[in-house]
Amino acid sequence: MGSFGAAAGGRGAGRPVRGIALDIGSSRTRAWAPGAGVFADVPSGPVRRGRVMDPDSQLRLLRRLAASAPGGDGHDTVVMLTHPVLAGPEERAAARRMVDGLGPVRVIAVDSARAAAAYAAPSGGGPLLVVDLGAQLTEVTLVVDGLVEDARQAEVGLDDLPDPGSAPDAIATTAADMVGELWRDDCTGAVRGALRRGVLVTGGGALRLDVTGRLAHLLRARLRLANDPSTSAVRGAGLMLASALRHPTGALPRG
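Computed from a predicted structure; not experimentally measured.

Scoring rules and cut-offs
- Residues numbered from 1 in each chain as written.
- Predicted model: local features only at pLDDT ≥ 70, side-chain atom pairs only at ≥ 80, totals over all residues.
- Heavy atoms only, no water.
- Core = buried A, V, L, I, M, F, W, Y, C linked by side-chain atoms within 4.5 Å.
- Buried < 20%, exposed > 50% of the residue type's maximum accessible area, 1.4 Å probe, protein only.
- Helix = DSSP H or I, 4+ residues; strand = E, 2+ residues; numbered from the N terminus.
- Contact = heavy atoms within 4.5 Å.
- Salt bridge = Lys/Arg side-chain N within 4 Å of Asp/Glu carboxyl O.
- Expected span 1.5 Å × (residues − 1).
- Polar contact = N/O pair within 3.5 Å; in protein donor to acceptor, adjacent residues only side chain to side chain.

Chemist: Which residues make up the nonpolar core, and what are the values?
Modeler: Residues Leu129, Val140, Val199, Leu215 and Leu219 are the most contacted members of the largest nonpolar core, which totals 27 residues. Those elements that provide at least two residues to this core are strand E8 (128-133), strand E9 (138-144), helix H4 (169-185), helix H5 (190-197), strand E11 (199-202) and helix H6 (209-219). Considering each element in turn, this core owes the most residues, seven residues, to H4. Among the nonpolar cores identified, the runner-up in size contains 16 residues, and Ile20, Val47, Leu59 and Val105 belong to it.

Listed below in structure tokens is the structure:
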């Protein structure tokens, strides 16, 4: 992997730093590097509902991806790692420990909703609803001023449909119901504003026109489909990573 900047202070000061963004999904693992973009989109190791079930197997995959990343050599590595928006402290810590197995790395964690928003949010600011239609998880997140204000998650996804042609009602209805829960719990009007702005839809389910069409009907709102929605989270994490490498002391995401 190439050297993409210099660390400011602390370990590796003045030495080349390499970076990689990783999105470990229930179905696919995607990797991004500065100057190359998304360079890997491969089946994940055993991952169930966003939880890595076999860290050793997944680590071997990550090592292969790190070794194949474009560019020359770097000394220290900064890894921007996405996680499900409602992943608990234990799940995030376990993912960090796994990534630590890559060697001398600094891990920065960010939830997939904020990462997707960093890549695909419409201009102009304001509250944003992010609906992630994944392989085994459906997540709905309210993002306000770049931070997660509220979120819901359901352990249902495209993999739960009996076949590719199955009716999308279960997934679309689940997502719409979670938006309704956010609406009922919102005392600020942010959800109403986000619906008027348009709902950002990411994940593989965004490619299913039957799913998005049904969801738009249920929400009575305009949907904004990210370009290449399956990779929006890793692309957004990559943008955050690039910013952190340029400004290592002031551009790290909170979370």
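Chemist: Mind laying out unusual backbone geometry, listing which residues take part and the relevant values?
Modeler: In this model, aspartate 145 sits at a positive phi of 55°, which is unusual for a non-glycine residue. Along the chain, aspartate 145 turns up in the loop between E9 and strand E10 (147-154). With a phi close to 55°, arginine 220 is a non-glycine residue in the positive phi region. Looking at the secondary structure, you find arginine 220 in the loop between H6 and strand E12 (223-225).

Chemist: Residues and numbers for the environment of leucine 62, please.
Modeler: Mapped onto the secondary structure, leucine 62 falls in helix H1 (residues 55-68). A residue is classified by how much of its surface remains accessible, and leucine 62, at 2% relative accessible area, is buried. Each residue touching leucine 62, except ones within four places of it in the same chain, is listed here: Leu22, Ile24, Thr29, Met98, Val99 and Leu102.

Chemist: Mind laying out the pattern of salt bridges, listing which residues take part and the relevant values?
Modeler: According to the stated counting rule, one finds twelve salt bridges in the structure shown. We note a salt bridge from arginine 28 to aspartate 41, for which the minimum N-O separation is 3.0 Å. A residue pair is termed long-range when its members are at least 10 positions apart, and arginine 28 in strand E2 (residues 28-33) and aspartate 41 in strand E3 (residues 37-43) qualify at 13 residues. In this structure, aspartate 150 and arginine 152 form a salt bridge, with 2.8 Å as the shortest nitrogen-oxygen distance.

Chemist: Talk me through helix H7 (residues 232-246); I want residue IDs and the actual numbers.
Modeler: Because each turn of an α-helix spans 3.6 residues, side chains separated by three or four positions in sequence point in the same direction. When the terminal C-alpha atoms of H7 are compared, their 21 Å separation across 15 residues agrees well with the 21 Å that a helix rising 1.5 Å per residue should span. In terms of burial, H7 is largely enclosed, as eleven of its 15 residues are buried. Of all the residues in H7, the buried ones are Ser232, Ala233, Val234, Gly236, Ala237, Gly238, Met240, Leu241, Ala242, Ala244 and Leu245.

Chemist: Mind laying out the side chain of threonine 82, listing which residues take part and the relevant values?
Modeler: Looking at where threonine 82 falls in the secondary structure, it is placed in strand E6 (residues 76-83). In this structure the side chain of threonine 82 is engaged in a polar contact, spanning 2.6 Å, whose partner is the side chain of aspartate 23.

Chemist: Just give me the short version of the side chain of threonine 212, but keep the residues and values in it.
Modeler: Considering the arrangement of structural elements, one finds threonine 212 in helix H6. There is a polar contact of 3.3 Å between the side chain of threonine 212 and the backbone oxygen of leucine 209. With near-sequence residues (within four places) excluded, threonine 212 lies in contact with Val201, Gly205, Ala206, Leu223 and Leu225.

Chemist: Lay out the environment of glycine 37 with the relevant residues and their values.
Modeler: Mapped onto the secondary structure, glycine 37 falls in strand E3. The exposure class of glycine 37 is buried, given its relative accessible area of 16%. Between the alpha carbons of glycine 37 and arginine 235 there is a distance of 7.4 Å; along the sequence they are 198 residues apart. For glycine 37, the contacting residues outside a window of four places in its chain are Ala31 and Trp32.

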